[in-house]
Amino acid sequence: MNALRQFNLLKWLREERQSRKLILFIVFVALLLDNMLLTVVVPIIPSYLYTLDESTDVLKNNTAPKQDSPASFQSIVSLYDNTVRLSGFNTTARTTDLLPLTPTGTQLPPNSTDCPRSTNKLINENVKVGMLFASKATVQLITNPFVGPITNRIGYQLPIFAGFCIMFISTIMFAFSSSYALLFVARSLQGVGSSCSSVAGMGMLASVYTDDEERGHAIGIALGGLALGVLVGPPFGSVMYEFVGKTAPFLILAFLALFDGALQLFILQPTKVTPESQKGTPLLTLMKDPYIIIAAGAICFGNMAIGMMEPTVPIWMMETMCARKWQLGVAFLPASISYLIGTNIFGTFAHKMGRWLCALIGMVVVGISVICVPFARDIYGLILPNFGVGFAIGMVDSSMMPIMGYLVDLRHVSVYGSVYAIADVAFCLGFAIGPSIGGSIAESIGFPWLMTIIGIVDIIFAPLCIFLRNPPGQEEKIAILMDTNCSMKTRSYSTQGAYYQGEDMDPEYDDYD
């Protein structure tokens, strides 16, 4: 009986292989896993690297030759006390520069509920954590210009499957890496896989959803997968890290990635090469389009805010709030929930109110919310500003991602791989510049000034979205778009009318509903 049910499921999948809904689901799952891996490390890495550095320093102190110890150290801890300390017991030293040891002698307490012992060392972690977080976006930034034209030549199926394979390897590396260098390599490798998945996924959606309103709705749903990954990642990572260990969350993600890979292998058949029927506009030509640059800029600066917050907020919380490990990830929960709400609401609503206006309001709200973050005195004070940041970025992404495809339809050749490579470059630029520069700025002038600077930048950029209100296009392209939209709506209305009259419908219409 079970074999029969499985056969029926496989038969249904074969029949529905070209369904737009299944393609949307595959892109949704790919973005979900990509962004879960992206954000699951946010609460883990700062605490884990701090623990590694502390353990290394303790080990060096314990194994250092006695004659090389400074005079001040000798005056506080006698040779007898030092011998007792090395044997596994605490000393009676009272200096704040010494680190009290647990009975294990070289390990830190498993549940660090107190404030960090060395504030200066914690502040120095900003740069290391920022560079590690930025490595993924930097590699993705370099890879995107190559992935976009490749999708135009060989299709979207093979690149998105290659992205899954690379992401799986990166996840396994995260699970078993125990040094900064290996974590850096894993994070960088994730950038290559993410580039393949996001560029090919968005291009695939834009090619199967040709109506502008339907495309906006579909991309909003796909961004919901991104939002859900961002939503689940930090709390999932922080809870699993504190109560199970570092390896567990990455192994679970690797198992989910195998499911996504099997789905892609069966539905998309990535062994087939299916190039576009027409030659797309060159990447450099698209990059010179001022309207595409404005849309990409909104995506970049909007996401740069959260890119700066990810490595610096956990360290700031550890420094000022004495936050526990699980709180470092839960602090991002309001932003993740509101991003999920924002992308689903404005994926459809932005088309009606005007995508330019939606992006303009979103950029202003991002700026104001980010400036308010440093005023929080505890984790509860972060709820409202983080909610505002996530909701506003959802407004920006759900309005600017569809408009990138619309601008290509309006002003260029309707081939979408390159334009969504530009969109992903903008997204990655925010997450590359944000953590790398943000960590250095936070170390030099402080976290509050960092939030103020990026908030002001977002508010200043917002008025540029007005230029996207009515972008000019080629007359013949405008006529084609109007005819396409009218025919799609007429077909939708006729389908609904036939449904209410109880008439039999052609099953092929299922792909267009």
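Think of each chain on its own: its residues are numbered from 1, step by step along the sequence as written. This being a predicted model, a pLDDT of at least 70 is required before a residue's local features are given, and a value of 80 or more before pairs of side-chain atoms are given or counted; all residues contribute to the totals for chains, interfaces and linings. Hydrogens and water molecules were not included; the side-chain quantities draw on all heavy atoms of the structure.

A. Structural context of the overall build of the chain. Scanning the chain from terminus to terminus reveals 19 helices and 0 strands. Here the term buried applies to any residue with accessible area under 20% of the maximum for its type, exposed to any over 50%, and partly exposed to those in between, with areas from a 1.4 Å probe on protein chains only. Looking at the chain as a whole, 53% of its 513 residues are labelled buried. Should any heavy atoms of two residues lie within 4.5 Å, those residues are counted as being in contact. Taking all contacts inside the chain whose residues are at least 6 apart in sequence as the whole, residues at least 24 apart take part in 85%. For the chain, the computed accessible surface area is about 22,800 Å², with 66% contributed by carbon and sulfur atoms. Each helix is a run of DSSP H or I of at least 4 residues and each strand a run of E of at least 2, with the numbering of both proceeding from the N terminus. Using the Shrake-Rupley algorithm and a 1.4 Å probe, accessible areas are obtained, with residue cover drawn only from the displayed protein chains.

B. Inspection of empty space enclosed by the protein at higher detail. Think of a 1 Å grid over the protein atoms and nothing else: a 1.4 Å probe that fits but is trapped marks a cavity, an open set flanked by protein within 12 Å on at least five of seven lines marks a pocket, and residues with an atom within 4 Å of a point count as lining. Grid points are joined across faces, edges and corners, and a volume is the space filled by probe spheres set on the points. Per the stated rule, a full pass over the model turns up 4 cavities of 30 Å³ or more. Along the wall of the largest cavity there are 19 residues; nearest its centre are Val 230, Ile 306, Glu 310, Tyr 339 and Phe 431. Of all the elements in the fold, those that place two or more residues in the lining of the largest cavity are helix 2 (20–40), helix 9 (212–243), helix 12 (290–320), helix 14 (333–353), helix 16 (383–411) and helix 17 (417–445). The element best represented in the lining of the largest cavity is helix 16, accounting for 4 residues. Taken together, the residues that form the lining of the largest cavity break down as 12 nonpolar, 5 polar and 2 charged. Just so you know the grouping, Ala, Val, Leu, Ile, Met, Phe, Trp, Tyr, Cys and Pro go in nonpolar, Asp, Glu, Lys and Arg go in charged, and all remaining residues, Gly too, go in polar.

C. Layout of the environment of Leu 228. Along the chain, Leu 228 falls in helix 9. Residue classification places Leu 228 among the partly exposed residues on the basis of a relative accessible area of 26%. Remark: the alpha-carbon pair of Leu 228 and Leu 340, spanning 112 residues in sequence, is separated by 6.3 Å. When near neighbours in sequence (up to four residues on either side) are disregarded, Leu 228 contacts Phe 28, Leu 32 and Leu 340.

D. Quick peek at unusual backbone geometry. Even without glycine at this site, Cys 322 takes up a positive phi of about 55°. Looking at the element boundaries, Cys 322 is found in the loop between helix 12 and helix 13 (325–330).

E. Quick look at helix 7 (residues 157–176). Given a helix with a known number of residues, its expected span is that number minus one, times 1.5 Å. Taking 1.5 Å per residue as the helical rise, helix 7 with its 20 residues ought to reach 28 Å, and the 30 Å between its terminal C-alpha atoms agrees with that figure. Three or more residues of helix 7 are buried, namely Gln 157, Pro 159, Ile 160, Phe 161, Gly 163, Phe 164, Met 167, Ser 170, Thr 171, Phe 174 and Ala 175.

F. Structural context of a nonpolar patch on the surface. The residues that make up patches have over 30% relative accessible area and no salt bridge, and they are joined within 9 Å when like-charged or within 5 Å when they are Val, Leu, Ile, Met, Phe, Trp or Tyr. Any Lys or Arg side-chain nitrogen located within 4 Å of an Asp or Glu carboxyl oxygen qualifies as a salt bridge. On the surface, Ile 337, Ile 341, Ile 345, Phe 349 and Phe 387 cluster together into a nonpolar patch covering about 400 Å² of accessible area. For Phe 387, the position within the fold is in helix 16. Taking relative accessible area as the criterion, Phe 387 reaches 34% and is therefore assigned partly exposed.

G. Representation of the pattern of salt bridges. All chains considered together, the criterion is met by 5 salt bridges. Salt-bridge contacts for Asp 212 lead to Arg 355; the nearest nitrogen and oxygen are separated by 3.1 Å. Placement of Asp 212 in helix 9 and of Arg 355 in helix 15 (residues 355–372) is noted, with a sequence separation of 143 residues between them. Judged by its relative accessible area of 9%, Asp 212 falls in the buried class. Note on Arg 355: relative accessible area 8%, which makes it buried.

H. Spotlight on helix 9. Taking 1.5 Å of rise per residue, the 32 residues of helix 9 would be expected to cover 46 Å, and the 46 Å separating its terminal C-alpha atoms lies within 8% of that figure. The bend reported for a residue corresponds to the angle between axes fitted to the seven residues ending at that residue and the seven starting there. Gly 233 marks the point of greatest bend in helix 9, at about 30°, and the proline Pro 234 comes within the next four residues. Of all 32 residues that make up helix 9, 23 are buried, and the element is covered over most of its length. By the criterion applied in these results, polar contacts are pairs of N or O atoms within 3.5 Å in which, for protein atoms, one can donate a hydrogen and the other can accept it, and in which residues neighboring in sequence qualify only through two side-chain atoms. Taking the backbone nitrogen of Glu 213 as reference, a side-chain oxygen 3.3 Å away marks Asp 211 as the first, capping residue of helix 9. Gly 245 occupies a position one or two residues after helix 9 and carries a positive phi of about 140°.

I. View of the state of the cysteines. Counting rule for disulfides: a pair of cysteine sulfur atoms within 2.5 Å. Inspection of the entire model under this criterion finds 0 disulfides. Cysteine Cys 358 shares no disulfide, and the gap to the nearest cysteine sulfur, in Cys 465, comes to 9.6 Å.

J. Spotlight on the packing of aromatic side chains. Two aromatic rings, drawn from Phe, Tyr or Trp (for Trp, its six-membered ring), form a pair once their centres lie within 6.5 Å of each other, and the interplanar angle then sorts them: stacked below 30 degrees, edge-to-face above 60, tilted otherwise. As enumerated under the stated definition, the model contains 9 aromatic pairs in all. With 5.6 Å between their ring centres and 75° between their planes, Phe 346 and Phe 391 make a pair best called edge-to-face. Remark: Phe 391 occurs in helix 16 and Phe 346 occurs in helix 14; sequence separation between them is 45 residues. Ring centres of Phe 387 and Phe 391 lie 6.4 Å apart, and the angle between their planes is 5°; this geometry places the pair in the stacked category. Remark: Phe 391 and Phe 387 occur in helix 16; sequence separation between them is 4 residues, near one turn of the helix.

K. A look at the nonpolar core. Met 309, Met 317, Met 400, Met 404 and Tyr 420 are the most contacted members of the largest nonpolar core, which totals 114 residues. For this core, the element with the highest residue contribution is helix 12, accounting for 18 residues. Setting aside residues no more than four positions away along its own chain, Met 404 makes contact with Ile 292, Ala 295, Ala 296, Val 419, Tyr 420, Ile 422 and Ala 423. Counting 5 residues, the second largest nonpolar core, distinct from the first, contains Leu 33, Phe 161, Phe 164 and Ala 257. Side-chain atoms within 4.5 Å link the members of a nonpolar core, which is a set of buried Ala, Val, Leu, Ile, Met, Phe, Trp, Tyr and Cys residues.

L. Up close: the side chain of Asn 303. Counting through the fold element by element, Asn 303 comes out in helix 12. Side-chain polar atoms of Asn 303 contact the side chain of Asp 397, separated by 3.1 Å.

M. Fine view of the confidence of the model for the chain. One number per residue, pLDDT, summarises how confident the predictor is, and it ranges from 0 to 100. The predicted model of the chain has a mean per-residue pLDDT of 77, with 73% of residues at 70 or higher. The low-confidence segment residues 67–114 (pLDDT under 50) makes 54 contacts with residues lying over four places distant or belonging to another chain. In this model residues 488–513 is a low-confidence stretch, pLDDT under 50, and it forms 20 contacts with partners more than four residues away in sequence or in other chains.

N. A look at the packing of helix 7 against helix 10 (residues 247–267). The N-to-C vectors of helix 7 and helix 10 enclose an angle of 165°; their axes lie 9 Å apart at closest approach. Taken together, helix 7 and helix 10 sit at an angle that is classed as roughly antiparallel. Regarding helix 7 and helix 10, the two cross each other, and that crossing is left-handed. Where helix 7 abuts helix 10, its residues Ile 160, Phe 161, Phe 164, Phe 168, Thr 171, Ile 172, Phe 174, Ala 175 and Phe 176 lie against Thr 247, Phe 250, Leu 251, Leu 253, Ala 254, Ala 257, Leu 258, Gly 261, Gln 264 and Leu 265. Of the residues assigned to the contact of helix 7 with helix 10, the class counts are 15 nonpolar, 4 polar and no charged. To get an axis, a line is fitted to the C-alpha atoms, and for a helix only the part in contact is used. The angle between two axes follows their N-to-C directions and goes from 0 to 180 degrees. We call two directions roughly parallel when the angle between them is under 35 degrees, roughly antiparallel when it is over 145, roughly perpendicular when it lies between 65 and 115, and oblique otherwise. We call a crossing left-handed when the near helix sits turned anticlockwise from the far one by less than a right angle, and right-handed when that turn is clockwise.

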